[in-house]
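Remarks on the overall topology
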Amino acid sequence: MGHSSYANSKAWVVALAILCMIVAASAGSFYDEMDITFGGERAKISNGGQDLSLSLDQYSGSGFQSKHEYLFGRFDMQLKLVSGNSAGTVTTFYLSSQGAGHDEIDFEFLGNTSGSPYTVHTNVYSQGKGNKEQQFHLWFDPTAAFHTYTIVWNAQRIMSTSSVNDNRAWRTQEVDAAGRNRIRWVQNKHMIYNYCNDHKRFTNGLPTECKRSRFL
Ligand SMILES: *[C@@H]1O[C@H](CO)[C@@H](O)[C@H](O)[C@H]1NC(C)=O
């Protein structure tokens, strides 16, 4: 299959936040808000609790998880992905509820061999049901510098994006005409898989939300 190296899972960087209840968005200290779940020295809280950084080396990765649960929020994550041969690395950033019928919003960056692009994989689970995968190749080099990846989750919508304006009004974050054009551009030029176009997979008809997401 030409992807044998992919099977040798090199490392994981996991960023996990648990949600369910509302919490004031004001950032306290990461010492109070987050638990480092694995990675020892590779996960660090610094700057008096204002910064939390994760890294991976050739042996393993690192991860953290929020202590609290949230209902709605805007989550910004700055990531610089492994360069060169990154096949077998998975960098993931997800929000998940606990228990049966769980909800989840996922960002996964799947590494590749040198010179081949990362795949960004997104999914949303609602009441334990996923099957809402989309995949993208990025329009910039995610290994050259830190980029901000954002999940906006409010009562109107869920957006996973790397083109969000620095706008604190995430609670009612509307997508304006420019934003819709930008999303269309990403979907037309950079999306490599969309479950909403997979008629072979959903032989009994596409999921109902696919009609609405096309509007975007
Ligand atoms: C690796 O790159 C190839 C193109 O060279 C692409 O077809 C494939 O989807 C990529 N794999 C991953 C896991 O991103």
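Under an unreviewed UniProt entry, the name given to the protein chain is Xyloglucan endotransglucosylase/hydrolase, and the organism recorded is Ambrosia artemisiifolia. Per its UniProt entry, the protein chain bears the Sequence similarities (unreviewed entry) comment "Belongs to the glycosyl hydrolase 16 family."

It is worth spelling out the site of the ligand at this point. Neighbouring the ligand are the residues Leu110, Gly111, Asn112, Ser116, Pro117, Tyr118 and Thr119. Ser116 places a polar side-chain atom, nitrogen or oxygen, 3.3 Å from an oxygen atom of the ligand. For the ligand, an oxygen atom lies 2.5 Å from a polar atom in the side chain of Thr119. Look at the ligand: alone it shows 360 Å² of surface, and the protein chains cover 61% of it.

This part covers the packing of aromatic side chains. Aromatic ring pairs are reported here in terms of the distance separating the ring centres and the angle at which the planes meet. Taken as a whole, this structure holds eight aromatic pairs when the rule is applied. Seen in terms of ring centroids, Phe107 and Tyr149 are 6.0 Å apart; in terms of plane orientation they differ by 75 degrees. Their pairing is edge-to-face. Residue Phe107 is located in strand β8 (residues 104–110), and its partner Tyr149 is located in strand β11 (residues 147–153); the two are separated by 42 residues in the primary sequence. Tyr149 carries the same exposure label as Phe107, and that label is buried. Geometrically, the ring pair formed by Phe140 and Tyr149 is tilted, given 6.4 Å between the ring centres and 40 degrees between the ring planes. Tyr149 gets classed as buried once you look at its relative accessible area, which sits at 1%. Within the aromatic cluster, the residues linked to one another by ring pairs are Phe93, Phe107, Phe109, Trp139, Phe140, Tyr149 and Trp185.

The next subject is the confidence of the model for the protein chain. For the protein chain, mean pLDDT is 77; residues scoring 70 or higher make up 79% of the total. Scored below 50 in pLDDT, residues 1–26 shows 80 contacts in the model against residues more than four places distant or in partner chains.

What follows is about the UniProt feature "active site" (unreviewed entry) in the protein chain. Residues annotated by UniProt as "active site" (unreviewed entry) correspond here to Glu104 and Glu108. Mapped onto the elements of the fold, Glu104 is located in strand β8. A relative accessible area of 15% means that Glu104 is categorised as buried. Among residues more than four places away in sequence, those in contact with Glu104 are Tyr94, Leu95, Ser96, Asn123, Val124 and Tyr125. Structurally, the position occupied by Glu108 is in strand β8. Given the relative accessible area of 24%, Glu108 is considered partly exposed. If sequence neighbours within four positions are ignored, Glu108 has contacts with Thr91, Thr92, Thr119, Val120 and His121.

Calculation rules
Residues numbered from 1 in each chain as written. Predicted model: local features only at pLDDT ≥ 70, side-chain atom pairs only at ≥ 80, totals over all residues. Heavy atoms only, no water. UniProt positions renumbered as here; feature names shortened; annotations may be inferred. Near = heavy atom within 4 Å. Polar contact = N/O pair within 3.5 Å; in protein donor to acceptor, adjacent residues only side chain to side chain. Areas by Shrake-Rupley, 256 points an atom, 1.4 Å probe, with all protein chains shown as cover. Phe/Tyr/Trp six-rings, centres within 6.5 Å; stacked < 30°, edge-to-face > 60°. Helix = DSSP H or I, 4+ residues; strand = E, 2+ residues; numbered from the N terminus. Buried < 20%, exposed > 50% of the residue type's maximum accessible area, 1.4 Å probe, protein only. pLDDT = per-residue confidence, 0-100. Contact = heavy atoms within 4.5 Å.

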